[in-house]
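# Overview (structure and organization)
What follows is each chain in one-letter form.
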Amino acid sequence: MSFSVMLTGVGGEGVLTTGVLLARAANLDNYYVRGVQLHGLAQRGGTIPTFVRFGKENEVYSPAIMQTDADLILAFEPLEAIRATYYASKKKTTFVINDSPYMPIYGNLMKLSYPTKKEVLKRISPFSRDVFMFKASEMGEKQFGKTLFGNIIILGFAVGHGLLPLSKEAIRKAIKATVPRSVDLNLKAFESGIKYGKGIEKIID
Amino acid sequence: MESEVLEKSGKTVVLLGNEAIARGAMEAGVGVVAAYPGTPSSEVPVTMAGIAKKIGFYFEYSSNEKVAFETAAGAAWSGVRALTTVKHFGLNVAADSVSPVAYVGVKGGFVIMVADDPNGWSSAQSEQDTRYYARMFKIPMFEPSNPQECLDFTKKCFDISEEFEMPVFLRTTTKVSHSIGSVKLGKIKSPNRRGHFEKSDRYYNLRPKLQEMHQAIDKKLDGICKKYSKVFNTIEAGKGNIGIIASGVSYGYAKELMHVLNLKVPLAKVGLSFPLSTEFISKFIKGKKEVLILEELESVLESEINAIAKNVNPKIIVHGKDILPNYGEYTLELLAPAFEKIFKKKLGINFKKQQKMVKKVDENLPPRKPVFCPGCPHRSTFYAVKQVYGDNAIYAGDVGCYVLGIFEPYKTIDFMISMGASLGLAHGISRVSAQDIVAFIGDSTFFHAGLPALANLKFNDGTSPLIVVLDNSVTAMTGHQPHPGTGRTGMGDITEKIKIEDVAKAMGAEVRVANAFNQKQLIETIKEMRKMKGLRVLVSRGECRLVTKRKFEKQGIPLPVFEIDPEKCVDCEKYANTFACPAITKVKDTKGGEPKYEIDPDLCLGCGVCMQVYPKGAIRVKKVNKK
């Protein structure tokens, strides 16, 4: 078994950190981990996808995910979810999307409009077996005071809904190791994400 | 985010390729590390700067790569293990010293880590393939394929360098440096940073001894090849008479594709790419009908393998750049069709069809190109320069965050070639054209390669272009490293600042210093300087706002946040589109009326320049930002 997760969003949204957190959790679950951070110039307000792949040592070699081959795409921004379809397919891929649109400045300059939620879902539909899109940033801000907790809520949702084959314990440990400054709130956000994923508590969509 | 680079020996952790290189150097007991930051190599020095004092090695950010290389070489001559790290272009800067150091050799192990950047993730200028340098300078080159090998190879490289008394290259590409993976850690060795330089005629690289030295290098290379080819190059046996030879990240792609296609073909991995062992290649290609070479960028290995095949197996068909590109990066989806064709297997995925579908859903999406951050002093300086010089002046660009000025709506960078090149190019144009020219250069870049060009302008140019130093007081682009103008060293020690205005004055320039966040002052100064003749330098000084934000946060001081008064913001769209701050966002298009704009308090970093640019009273201070 090998499992490929793509995390994507906009520079500054914590994509890289969440990717490292996930990779560490997979390592703690004794998986062999490979992945790659695609950043550079694009870090400043640009798209920054991260790939995390894990499995048995003799089953995971490439740091990058093959086109169409992502099992799970965690998108912290809807436009970037659409752009991630390159790595997605109807057969394999589930999307969890933070419905927190961030209009790029060039959209205004070029007089393009930001797609509505309906349009986002419609565009992604041919590339997904399942899509979950909800206002994780808003939920993070309401419950924990910062939109950034939306990332951990998304991660918790994926675990709670059975979309990510990693143990809760490993993710908790990885949270402690990766975001030591606000461990308690992040752990709470993770637990709350799990509840949303299990349907115990209702998401804001 | 805390790195796990200092975790205990025996533990398996997840590291970035570059972090693994840093760990490998520490496990080898490196005593001196000197670098100028350059992505995709930057994370090696970034990782090491923060822990140098804790582990006990010496670390410095040097003023450029050549000086960094020489610093490390000097330490290695004195018997201390040394590391320098460069991006591909950085090696061009150091190159002048590299070849002679290869001739005279070293005493302490000396590793030159160089990161190429196919696809230009972090580099605009070219897709240079550094493997040619190994051949030109006659320096052995080792190429890890994953983070574990990044650690292991680095460690071994120090031993080999010391054993053969010659510098060695550790070469990565972006996908190796920025890849993450499970890494088993070894023991960090207590560094030796005390050495002694012994006078010796080994450093006399003059004829007729030069020819002896030249022969000696070839002998060393032979020795390394004989002893270490079998350590770094491996053959995995398989069925059939078609084989694969792969190097770097391509090895991972080959293994992955073999796994998904259920292929069990012979596979050779090249970890020592120069000198390429004739014996190793001969053994692998003997008796084979075809071989597929997987290497990103130029056909370096392929050419050498073709030459070897002429003697050993002249009938073999060597595939490589006949079916794969010599530009960009390899990907699994790019390689898969080549595998399907050569090995007659079917993966069952129609990549082209899916790409067409993706292209369709991507249509008319607002593009997310990189932009100046909210609060960026460069935006403000460029805005002011454009008010005075308009669209027709030539804007000579250089290397730093300000390259983003190449995009709409600024268009204040017409070209960017290399570090410091804006001054020389502007000078060249001004020798033959009477056009208005403004040359931009950053503060770190000014110290890196601007000084000789400035001297040349004074020396040769009576009517120099206007030089604008975009001084944000840090090497921002690569992750906020210090430089000679910041008053802080790579190890965090306080040092005397070199002031750009003092240097420029000493070179005979007329100098003005303006506050980069003050539009009125900027515009008045630029107008004044436009009329002046001779060497003139405007230092537009404003700290990178991300640094300011961190400083304020540390001290618990809130940054001011601004807001728009929609009643007073007449023609707001025009300003939003020409000033282009990402914190000023369009909230809605009112039917038929003007779109409304808002300042996002989460994004605004309180530079206050918008208030000066927009119509009077349209923007005001909002409240205290408690983040």
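Residues numbered from 1 in each chain as written. Chains lettered and ligands numbered in written order. Predicted model: local features only at pLDDT ≥ 70, side-chain atom pairs only at ≥ 80, totals over all residues.

### Observations regarding the overall build of chain B
Each helix and strand counted, chain B has 22 helices and 23 strands in total. For chain B, the C-alpha atoms occupy an extent of roughly 80 × 65 × 55 Å along the three principal directions. Per-residue burial over chain B gives 52% buried out of 627 residues. (Helix = DSSP H or I, 4+ residues; strand = E, 2+ residues; numbered from the N terminus. Buried ≥ 20, exposed ≤ 12 C-beta atoms within 10 Å, placed from the backbone.)

### Quick word on the overall build of chain A
What chain A contains, in helices and strands, is eight helices and six strands. Listed N to C, the secondary structure of chain A is β-α-β-β-β-α-β-α-α-β-α-α-α-α in terms of helices and strands. Relative to the compact-globule value of 17 Å for 205 residues, chain A shows a C-alpha radius of gyration of 16 Å, a close match. (Rg over C-alpha atoms; globule rule 2.2 N^0.38 Å.)

### Brief notes about the packing of helix α10 (residues 249–260) of chain B against helix α13 (residues 332–343) of chain B
Residues and elements named next belong to chain B. Two numbers describe how α10 lies on α13: the axes approach to 10 Å, and their chain directions differ by 60 degrees. What the angle tells us is that α10 and α13 run oblique. Note that α10 runs across α13; the crossing there is right-handed. For the pair formed by α10 and α13, the contact residues are Y253, E256 and L257 on the first element and L332, L335, A336 and F339 on the second. (Axes fitted to C-alpha atoms, helices over the stretch in contact; angles between N-to-C directions. Parallel < 35°, antiparallel > 145°, perpendicular 65-115°, else oblique. Left-handed = near helix turned anticlockwise from the far one by under 90°. Contact = placed C-beta atoms within 7 Å.)

### Quick look at the interface of chain A and chain B
At the interface, 48 residues of chain A touch 47 residues of chain B. Sorting elements by how many residues they give to the side of chain A that touches chain B places strand β2 (residues 32–37) of chain A first, with six residues. Residue composition of the side of chain A that touches chain B, by class: 27 nonpolar, 15 polar and six charged. (Nonpolar A, V, L, I, M, F, W, Y, C, P; charged D, E, K, R; others polar.)

### Section: the nonpolar core
Core analysis: the biggest nonpolar cluster contains 262 residues, and I73(A), L74(A), A72(B) and I245(B) have the highest contact counts within it. Considering every element that reaches this core, the biggest residue donor is helix α1 (residues 15–28) of chain A, with nine residues. (Core = buried A, V, L, I, M, F, W, Y, C linked by C-beta atoms within 7 Å.)

### A word on the environment of I413(B)
Residues and elements named next belong to chain B. On the secondary structure map, I413 appears in the loop between β15 (394–396) and α16 (421–432). Take I413: there are 19 C-beta atoms within 10 Å of it, and that puts it in the partly exposed class. For the pair formed by I413 and Y402, sequence separation is eleven residues and the distance between their alpha carbons is 8.1 Å. Once residues within four sequence positions are removed from consideration, I413 is found in contact with Y395, G397, Y402, V403, G405 and I406.

### Observations regarding helix α12 (residues 300–312) of chain B
Between its first and last C-alpha atoms α12(B) spans 19 Å; for 13 residues at 1.5 Å apiece the expected length is 18 Å, and the two agree. Among all positions in α12(B), only V300(B), L301(B), E302(B), I305(B), I308(B) and A309(B) are buried. (Expected span 1.5 Å × (residues − 1).)

### Overview of the sheet that holds strand β19 (residues 536–541) of chain B
Residue and element names in this part refer to chain B. On the basis of which strands lie adjacent, the open sheet formed by five strands has the order β15-β16-β17-β19-β18 and parallel pairing. The open sheet has two free edges, formed respectively by β15 and β18 (510–515), since each of these has just one partner strand. Along the sheet, successive strands turn relative to each other by an average axial angle of 20 degrees, direction set aside. Here three bridges tie β15 to strand β16 (residues 437–442), and the two strands are oriented parallel to one another. Looking at the pairing, A396 lines up with A439 of β16. This element, helix α15 (residues 377–389), spans β16, β17 (466–471) and β19 of the sheet and lies at about 160 degrees to β17. (Pairing = 2+ DSSP bridges.)

### A look at the environment of D129(B)
Of note, D129(B) is situated in the loop between β5 (110–116) and α6 (131–137). Separated by 75 residues in the primary sequence, D129(B) and K54(B) place their C-alpha atoms 36 Å from one another.

### Regarding the packing of helix α5 (residues 136–144) of chain A against helix α6 (residues 150–160) of chain A
Residue and element names in this part refer to chain A. Remark: α5 packs on α6, axes separated minimally by 8 Å, with the N-to-C direction vectors making an angle of 115 degrees. Accordingly, the angle class assigned to the pair α5 and α6 is roughly perpendicular. When you trace α5 past α6, the crossing you get is right-handed. Counting all contacts with α5, which are made through A136, S137, M139 and G140, the residues of α6 involved are G150, I153 and I154. Each residue belonging to the contact of α5 with α6 can be placed in one class, and the counts come to four nonpolar, three polar and no charged.

### Topic: the pairing of β17(B)
All names here are of chain B. In terms of burial, β17 is a largely internal element, six of the six residues being buried. Neither face of β17 is left uncovered, since the one carrying L466, V468 and L470 and the one carrying I467, V469 and D471 both have all their residues buried. Pairing between β16 and β17: five bridges, direction parallel. Within β17, the position partnered with A439 by the bridge is I467. As a crossover connection, the stretch from β16 through helix α17 (residues 443–460) into β17 is right-handed. Inspection of the sheet shows β17 paired to β19 by six bridges, in the parallel sense. Its bridge partner being in β19, V469 is matched across the sheet by V539. (Right-handed = clockwise from strand over helix to strand, strands pointing away.)

### Points about the sheet that holds strand β4 (residues 72–75) of chain A
One open sheet holds the eight strands; their spatial order is β6(A)-β5(A)-β4(A)-β1(A)-β3(A)-β2(A)-β8(B)-β1(B), and the pairing between them is mixed. Two strands bound the open sheet, and with one partner strand each, they are β6 (130–134) of chain A together with β1 (12–16) of chain B. The average angle at which neighbouring strand axes cross in this sheet is 15 degrees, direction not considered. One ladder, built from five bridges, connects strand β5 (residues 94–98) of chain A with β6(A); its direction is parallel. Following the sheet pairing, T94(A) is matched in β6(A) by D130(A). In the packing of α1(A) onto the sheet, the strands contacted are β1 (2–8), β2 and β3 (50–55) of chain A together with β1 and β8 (179–184) of chain B, and the crossing angle to β3(A) comes to about 5 degrees.

### Description of the domain arrangement of chain B
All names here are of chain B. If you check the domain split of chain B, you get domain 1 (12–192 + 204–231), domain 2 (233–357), domain 3 (377–550) and domain 4 (558–624). Taken together, the contact between domain 1 and domain 2 spans 24 residues of the former and 22 residues of the latter. Of all elements in the fold, only α6, β6 (141–142), α8 (174–177) and α9 (209–232) reach the threshold of two or more residues within the side of domain 1 that touches domain 2. Considering every element that reaches the side of domain 1 that touches domain 2, the biggest residue donor is α9, with five residues. A per-class count over the side of domain 1 that touches domain 2 returns eleven nonpolar, five polar and eight charged. (Domains from an automatic or database assignment.)

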